[in-house]
Amino acid sequence: MIYSEYQQHSIPANIDDIAAQQEVAEDSAKSRTLWGDAWGRLKKNKLAIVAACWIVFIIIVAASADLWVPQVLGAPNATAANMAEASRTAPSLAHPFGTDTLGRDVLSRVIYGARISLTVGVVATGISTVIGLVMGALAAYNGGIWDTIIMRLADIFLAFPYTLFVIAMIAVIGNGIQNVFIAIGVLGWPQIARVFRSAILSVKENDYVDAARSMGASDVRIIARHIFPNSVASIVVYATMNIGGAILTESALSFLGMGVVPPDPSWGTLIDDGQQYLQTEPWLMILPGLAILTTVLAFTLLGDGLRDALDVKMKDA
């Protein structure tokens, strides 16, 4: 009697428990995705979160500058009426970063310079990413002569020092923010092409790619629907870091007088203007330099955090 009661009541109960556990496990598995797991790991990286918050803060301040900067600090290109008295004043409540030689507020120019630097970083990285994705896809997916030609072309680009190559191109096409976009974007594709090529080679022979090919899917569809989604993690990481590199390159070009044309503010031109007063008014050079340092460092730390978060080997870490 005891055994029969155990059979009648305990076994169904155990079966129900097992079914419930399986249902919970299935729901949990469905809710876990690459990006969901990555976000969970990224939140544990304090440096990456601080870097992301700093980037968001810079973007918000730069994007909203027209709403409050001219009223509070003054227009970035407006020279002071009493230039002799307002020239190169020390940091104060009225001018937190001081003023430059023409009496213009340095903080106002740093904020508006952030617009240019961030725009160059995003646009130039976008150009180099698109070119790199196309070239990397052609090299890896088609292979053969395409792979040889594209990779040797990339080797030629990489054989030249990047900054000097950009300077040479700017010297040919001329100064200006649009030409900076073109120079940095066009010359930055080889690294992304190599990254995407390696990612494609690692997934192109998988069974799901062969299945899609056997079902008649075109090469473009296979790359867009099957290969690219499985390779996008490495591209996101590299593009994030590349934004910081593009900002640094633009600042170097502007410092050398080959980037943004004055009087438009740029972090590089602000450092160039302040270097001659380094001993007497060091804030004119140090404060724009800190803007470059913190922003480039933030993109680098965020890229490192994304690399660790998107690493599938750390899924259970």
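The structure presented is a predicted model; accordingly, all values stated were derived computationally and were not measured.

Analysis parameters
- Going along each chain's sequence as written, the residues are numbered from 1 onward.
- In view of the model being predicted, local features appear only for residues whose pLDDT reaches at least 70, and side-chain atom pairs are presented and counted only at 80 or more, with totals across whole chains, interfaces and linings using the full set of residues.
- Side-chain figures throughout are based on the complete set of non-hydrogen atoms in the structure, without hydrogens or water.
- Secondary structure follows DSSP: runs of H or I at least 4 residues long count as helices, runs of E at least 2 residues long count as strands, and numbering of each begins at the N terminus.
- Only protein chains enter the area calculation, which uses a 1.4 Å probe; residues under 20% of their type maximum are buried, those over 50% are exposed, and those in between are partly exposed.
- Contacts are residue-level and defined by heavy atoms, with any inter-residue pair within 4.5 Å sufficient.
- Where accessible areas are quoted, they stem from the Shrake-Rupley method and a 1.4 Å probe; at the residue level, only the protein chains shown are allowed to cover.
- Any Lys or Arg side-chain nitrogen located within 4 Å of an Asp or Glu carboxyl oxygen qualifies as a salt bridge.
- Here is the rule: rings of Phe, Tyr and Trp (six-membered ring for Trp) pair when centre to centre is within 6.5 Å. Planes less than 30 degrees apart are stacked, more than 60 are edge-to-face, and the remainder are tilted.
- In a helix, the anticipated span is given by 1.5 Å times the number of residues less one.
- When we speak of the arc, we mean the arc of directions from the helix axis to the C-beta atoms.

(A) Expanded view of the overall build of the protein. Secondary structure summary: the protein contains 14 helices and 0 strands in total. For the protein, the N- to C-terminal ordering of α and β elements is α-α-α-α-α-α-α-α-α-α-α-α-α-α. Here the protein holds 317 residues, and 40% of them are scored as buried. The long-range share in the protein, meaning contacts at least 24 apart out of those at least 6 apart in sequence, stands at 71%. As presented, the protein carries roughly 17,100 Å² of accessible surface, and 66% of it is formed by carbon and sulfur atoms.

(B) Structural detail: the environment of Val-261. Tracing the chain through its elements places Val-261 in the loop between helix 12 (219-255) and helix 13 (267-274). Sequence-wise, Val-261 and Asn-175 are 86 residues apart; in three dimensions their C-alpha atoms are separated by 7.1 Å.

(C) Representation of the pattern of salt bridges within the structure. All told, the structure shown has 9 salt bridges when counted by the stated rule. Its salt-bridge partner being Asp-155, residue Arg-194 comes within 2.1 Å of it at the nearest N-O pair. With Arg-194 in helix 10 (residues 189-203) and Asp-155 in helix 7 (residues 144-159), this pair connects stretches of sequence that are 39 residues apart. The residue Asp-304 makes a salt bridge to Arg-307 at a minimum N-O spacing of 3.4 Å. With Asp-304 and Arg-307 both in helix 14 (residues 283-309) and 3 residues apart, the pair spans about one turn of that helix. Judged by relative accessible area, which is 23%, Asp-304 ranks as partly exposed.

(D) Examining unusual backbone geometry more closely. In this structure, the amide linkage connecting Pro-262 to the following residue, Pro-263, adopts the cis form with an omega of 10°. Mapped onto the elements of the fold, Pro-263 is located in the loop between helix 12 and helix 13.

(E) Expanded view of the packing of aromatic side chains. Counted under the stated rule, the structure contains 4 aromatic pairs. Between Trp-54 and Phe-57, the aromatic rings sit 5.5 Å apart at their centres with planes inclined by 35°, giving tilted as the arrangement. With Trp-54 and Phe-57 both in helix 3 (residues 46-63) and 3 residues apart, the pair spans about one turn of that helix. You can call Trp-54 partly exposed: its relative accessible area is 32%. Looking at Phe-57, the relative accessible area reads 46%, which means it is partly exposed. A ring pair is formed by Phe-160 and Phe-165, whose centres lie 5.1 Å apart and whose planes are at 45°; its orientation type is tilted. We classify Phe-165 as partly exposed; its relative accessible area is 25%. In this structure an aromatic cluster arises from ring pairing among Phe-157, Phe-160, Phe-165 and Trp-189.

(F) Examining helix 8 (residues 162-173) more closely. In this model helix 8 runs 17 Å from its N-terminal to its C-terminal C-alpha over 12 residues, within 8% of the 16 Å that 1.5 Å per residue would give. Those residues of helix 8 that fall on the buried side of the exposure criterion are Val-166, Ile-167 and Ile-170. One face of helix 8 carries all of its buried residues, which in axial projection span an arc of 100°. Structural note: helix 8 exposes Leu-164, Ala-171 and Val-172 on the side pointing more than 90 degrees away from its buried face. Taken from the residues just after helix 8, Gly-174 is the one with a positive phi, measuring 100°.

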